[in-house]
Amino acid sequence: MDHVTAAVPHPRSEGEGPARAGRRSLAVALLSGALGAAVALLATRQRWSMGTATVAGDAFPLSVKGSDVTGVPAALAIVGLAALVAVFAVRRAGRFAVSALLALSGAGIVAAALLGATDSSALDDKAAQASGDTSSVVHAFDHTAWPYVAAVGGGLILLAGLLALLYGRRWPAMSGRYERNGTPRPRRTPVVDPDRPEDVWKALDRGEDPTGA
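Criteria and thresholds
- Residues numbered from 1 in each chain as written.
- Predicted model: local features only at pLDDT ≥ 70, side-chain atom pairs only at ≥ 80, totals over all residues.
- Heavy atoms only, no water.
- Helix = DSSP H or I, 4+ residues; strand = E, 2+ residues; numbered from the N terminus.
- Expected span 1.5 Å × (residues − 1).
- Buried < 20%, exposed > 50% of the residue type's maximum accessible area, 1.4 Å probe, protein only.
- Arc of directions from axis to C-beta.
- Phe/Tyr/Trp six-rings, centres within 6.5 Å; stacked < 30°, edge-to-face > 60°.
- Contact = heavy atoms within 4.5 Å.
- Axes fitted to C-alpha atoms, helices over the stretch in contact; angles between N-to-C directions.
- Parallel < 35°, antiparallel > 145°, perpendicular 65-115°, else oblique.
- Left-handed = near helix turned anticlockwise from the far one by under 90°.
- Polar contact = N/O pair within 3.5 Å; in protein donor to acceptor, adjacent residues only side chain to side chain.

Participant: Just give me the short version of helix α4 (residues 72-86), but keep the residues and values in it.
Facilitator: Look at α4: 21 Å from first C-alpha to last across 15 residues, which is about the 21 Å you get at 1.5 Å a residue. The set of residues buried in α4 consists of Pro 73, Ala 77, Gly 80, Ala 83 and Leu 84. The buried side chains of α4 occupy one side of the element, clustering within an arc of 130° when seen end-on.

Below, the structure is given as structure tokens:
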């Protein structure tokens, strides 16, 4: 009998594993999603590429920021941040859809940032403006590490989205009417003092019988 009792797992210990995984995934998703959005937004404000243009026979240095190269990472970072918050405001199919949007936002940032690292079109436009020749292009093109920093930010948002897809059903929803297990909270009926006219009138407004009859 002792051996049989020891082999039976405690019901509480069986539920602690998924609950702990849900809490950990929630913390990691919130941290990675918020950090990823901040990193991506910061990176788009930095210098991504540089080069030179020929102006009046001389080499003229030019540089562009990430936002000049592409506006996709900054836009998707804001979308991802909004989706991260919206995950807790929806349930079931809605949560799955928002989680997918969060993951796609991160993937889009990664792709746009990597493509932007080798894109010289923004510098070519500046070269044409500086030289006054629409056919002018930039020379000695080079890029900084900031496009890859933006890609890392997108990767963090992608991670948050994947965690939401895998563990989001275990996360709590943003609602004051529900407990952690999803059951409605019982409403507390205010105590009516028959000796206080204001309590009686409030009870009547709520459609209650203040006399308790």
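Further notes follow.
Participant: Could you give an account of the packing of aromatic side chains, naming the residues involved and the relevant values?
Facilitator: Going through the model one piece at a time under the given rule, you end up with one aromatic pair. Residues Phe 88 and Trp 171 carry aromatic rings whose centres are separated by 5.9 Å and whose planes lie at 20° to one another, so their mutual orientation is stacked. Pair noted here: Phe 88 is in the loop between α4 and α5 (92-116) and Trp 171 is in the loop between α7 (146-167) and α8 (197-205), with a separation of 83 residues, a long-range link. Judged by relative accessible area, Trp 171 falls into the buried class, the value being 6%.

Participant: Outline the environment of Ala 53, supporting the account with residue identities and numerical values.
Facilitator: Examined against the element boundaries, Ala 53 turns out to sit in strand β1 (residues 47-55). Look at Ala 53 and you get buried, because its relative accessible area is 1%. Here the alpha-carbon distance between Ala 53 and Leu 123, two residues 70 residues apart in the chain, equals 8.9 Å. Excluding residues within four positions of it along the chain, Ala 53 makes contact with Asp 58, Ala 59, Phe 60, Leu 62 and Ala 127.

Participant: Give a detailed account of the environment of Leu 115, specifying residues and quantitative values.
Facilitator: For Leu 115, the location among the structural elements is in helix α5. A relative accessible area of 62% places Leu 115 in the exposed class. Considered as a pair, Leu 115 and Thr 70 are 45 residues apart in the sequence and their alpha carbons are 9.3 Å apart.

Participant: Go over the packing of α4 against α5, please, and point to the residues and values.
Facilitator: For the pair α4 and α5, the least separation of the axes is 8 Å and the interaxial angle reads 160°. In terms of their interaxial angle, α4 and α5 are classed as roughly antiparallel. The handedness of the crossing between α4 and α5 comes out as left-handed. The residues of α5 that touch α4, namely those facing Val 72, Pro 73, Leu 76, Ala 77, Val 79, Gly 80, Ala 83, Leu 84 and Ala 86, are Val 98, Leu 101, Leu 102, Ser 105, Gly 108, Ile 109, Ala 112 and Ala 113.

Participant: Before we move on, can you summarise the side chain of Ser 25 with the specific residues and values?
Facilitator: Here Ser 25 shows up in helix α2 (residues 11-44). A distance of 3.0 Å separates a polar atom in the side chain of Ser 25 from a polar atom in the side chain of Trp 171. Other than its neighbours up to four places away in sequence, Ser 25 contacts Leu 163, Tyr 167 and Trp 171.

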